[in-house]
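# Summary of the model geometry
Below, each chain spelled out in residue letters.
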Amino acid sequence: MKFHKQIEIVEVGPRDGLQNLKDWIPTEFKIKLINDLIAAGINTMEMTSFVHPKAIPQMKDAETVTKTVIGQFIDKGARIFALVPNLRGAKIADECGLKEITYVVSASEKHNLANINRTVEQSLDELAKIRTELPNIQIRLDVATAFGCPFLGDVSEDLVINLIKAAADIGINTITLCDTIGVANPKQVYELSQKVSKEFPNLPLGLHLHDTRGMGLANYLAAMEAGISIFETSIGGLGGCPFAPGAAGNTATEDLVNMLNGIGVETNIDVNKLVDISRVIEDTLEMKLTSHMVNVNTSCTGIQ
Ligand code: ZN
């Protein structure tokens with residue numbers, strides 16, 4: 001098997017993970033979590049979301065979180081960014097000093113309406129406004145439901161390609177294919193990843209996979225065979241989608257790092273520290289995480 005020697009892990013737990021928790025998570029806990037993840041070696045992170053507090057109350061402290069952590073991490077060379085649903089969110093992110101944002105559009109019209117309350121065309125119009133008003137900000141396009149939709153079922157490759165083409169014409173900097181509800185299989189991941197990277201050779205391509213059906217690691221491996229090296233995961237496997245019924249969390253960051261360590265692919269991330277962070281999440285938030293590594297008995301892992 002031949003892979004990239006190095007994989008870029010994008011930690012999305014503080015955004016995708018925490019946004020799905022109904023009970024309020026104190027701002028201090030969020031800031032500590034982000035700090036601990038960086039200390040474990042995470043260098044790229046989607047750490048919050050500038051959404052309307054009524055839509056996702058858990059993210060109402062996005063400005064405080066960003067302003068608290070931004071200086072020290074940018075100084076350390078870490079890349080931190082936030083999800084924004086519209087121009088208003090993008091402007092706040094920019095005012096907070098972020099150089100990069102994630103903007104989500106669903107390949108499926110119905111999911112886009114449920115998720116953002118806009119048609120795909122309206123979402124692209126908003127993207128154009130962001131690009132015009134903030135010409136220097138780096139935009140990561142999240143293509144939600146790229147592998148399947150809770151409302152539409154199958155999503156065709158053409159739907160995905162056409163959406164990316166339209167966004168690329170407006171001006172984006174990175175593409176992320178998202179398996180929002182965890183329905184993708186390795187063959188589908190391999191084929192779509194190859195197709196998109198061939199079609200858009202100048203745009204870095206990443207994957208954001210949910211592990212609803214236990215396919216996460218197999219799908220990342222298939223993506224690696226297709227030459228992809230940017231993977232979004234969530235500490236402990238936290239997450240879901242508030243507007244995609246039944247979706248589980250992302251693949252756990254520690255599970256992917258553990259697999260990559262095993263096959264000799266470098267991440268520069270300390271898996272033991274990640275497991276410690278997940279255990280703190282379980283204890284503090286009194287919840288059971290889906291991560292495999294966090295549930296491994298220390299006596300049979302070599303984890304100290
Ligand atoms: Zn997600």
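Attention in this report is confined to the structure presented alongside it. The shown structure was predicted, so the numbers you read here are calculated from the model rather than taken from an experiment. (Residues numbered from 1 in each chain as written. Predicted model: local features only at pLDDT ≥ 70, side-chain atom pairs only at ≥ 80, totals over all residues. Heavy atoms only, no water.)

### A short note on the overall build of the protein chain
Applied cut-off: The secondary structure listing takes helices from DSSP runs of H or I that are at least 4 residues long and strands from runs of E that are at least 2 residues long, numbered from the N terminus. When a residue's accessible area, from a 1.4 Å probe over protein chains only, is under 20% of the maximum for its type it is buried; when over 50% it is exposed; and in between it is partly exposed. Only heavy atoms enter the contact rule, under which two residues are in contact if any of them lie within 4.5 Å. Here the accessible surface of atoms and residues is derived via Shrake-Rupley with a 1.4 Å probe, and residues count as covered only by protein chains that are part of the display.
Helix and strand content of the protein chain: 11 helices and 8 strands. With the C-alpha coordinates aligned to their principal axes, the bounding extent of the protein chain is approximately 55 × 45 × 35 Å. Across the 304 residues of the protein chain, 55% fall into the buried class. Within the protein chain, residue pairs in contact and separated by at least 24 positions form 73% of the contacts whose partners lie at least 6 positions apart. As displayed, the protein chain has an accessible area near 12900 Å², and 50% of this comes from carbon and sulfur atoms.

### A closer look at the packing of aromatic side chains
To keep things clear, this is the line we draw: Only rings of Phe, Tyr and Trp enter the pairing, Trp through its six-membered ring, and a pair is recorded when the two centres are within 6.5 Å. The plane angle decides the type: under 30 degrees is stacked, over 60 is edge-to-face, the rest tilted. Look at NZ for Lys and CZ for Arg. If either is within 6 Å of the ring centre and within 35 degrees of the ring normal, a charge sits over the ring.
If you walk through the whole model with that rule in mind, you get 1 aromatic pair. For the pair Tyr220 and Phe231, a centre-to-centre distance of 4.7 Å together with 50 degrees between the ring planes defines the contact as tilted. Taken together, the positions of Tyr220 in helix α9 (residues 216-225) and Phe231 in strand β8 (residues 230-233) put the pair 11 residues apart, joining distant regions of the chain. Cation over ring: Lys60 sits above Trp24, and NZ or CZ is 4.9 Å from the ring centre.

### Remarks on the pairing of strand β1 (residues 8-11)
Counted only if it meets this: Two strands are said to pair when DSSP picks up at least two bridges between them.
Summarising the sheet, β1 and β8 pair through 4 bridges and their orientation is parallel. Looking across to β8, one finds that Ile9 is bridged to Phe231. As paired elements, β1 and strand β2 (residues 44-49) share 2 bridges and run parallel to each other. Pairing of Glu11 across the sheet is with Met45, part of β2.

### Examining the coordination of the zinc ion
In ideal tetrahedral geometry, four donors around a metal make angles of 109.5 degrees, whereas ideal octahedral geometry with six donors gives angles of 90 or 180 degrees. Let me state the cut-off plainly: In this listing, donors mean N, O and S atoms no farther than 2.8 Å from the metal, or 3.2 Å for Na, K and Ca; water is missing from the atoms, so a site can look incomplete.
For the zinc ion, every protein donor is listed as Asp16 (OD), His208 (NE2) and His210 (NE2), and the spread of their distances is 2.0 to 2.1 Å. For the zinc ion, all donor residues lie on one chain, and their spacing in sequence is D-x191-H-x1-H. Here Asp16 is found in helix α1 (residues 13-17), whereas its partner His210 is found in the loop between β7 (205-209) and α9, with 194 residues between them in sequence.

### What to know about the packing of helix α6 (residues 120-133) against helix α7 (residues 157-170)
So the rule is basically this: Every axis in this analysis is a line fitted to C-alpha atoms, fitted for helices over the stretch in contact. Angles between the N-to-C directions lie between 0 and 180 degrees. Should an angle fall under 35 degrees it is taken as roughly parallel, and over 145 as roughly antiparallel, whereas 65 to 115 is taken as roughly perpendicular and any remaining angle as oblique. Handedness of a helix crossing follows the sense of rotation of the near helix relative to the far helix, less than a right angle counterclockwise being left-handed and clockwise being right-handed. Just so you know the grouping, Ala, Val, Leu, Ile, Met, Phe, Trp, Tyr, Cys and Pro go in nonpolar, Asp, Glu, Lys and Arg go in charged, and all remaining residues, Gly too, go in polar.
The N-to-C vectors of α6 and α7 enclose an angle of 20 degrees; their axes lie 9 Å apart at closest approach. Viewed along their axes, α6 and α7 adopt a mutual orientation that is roughly parallel. Here α6 runs over α7; the crossing is right-handed. Contacts from Val120, Leu124, Leu127, Ala128 and Arg131 of α6 reach α7 at Leu163, Ala166, Ala167 and Ile170. Grouping the amino acids of the contact of α6 with α7 by side-chain chemistry returns 8 nonpolar, no polar and 1 charged.

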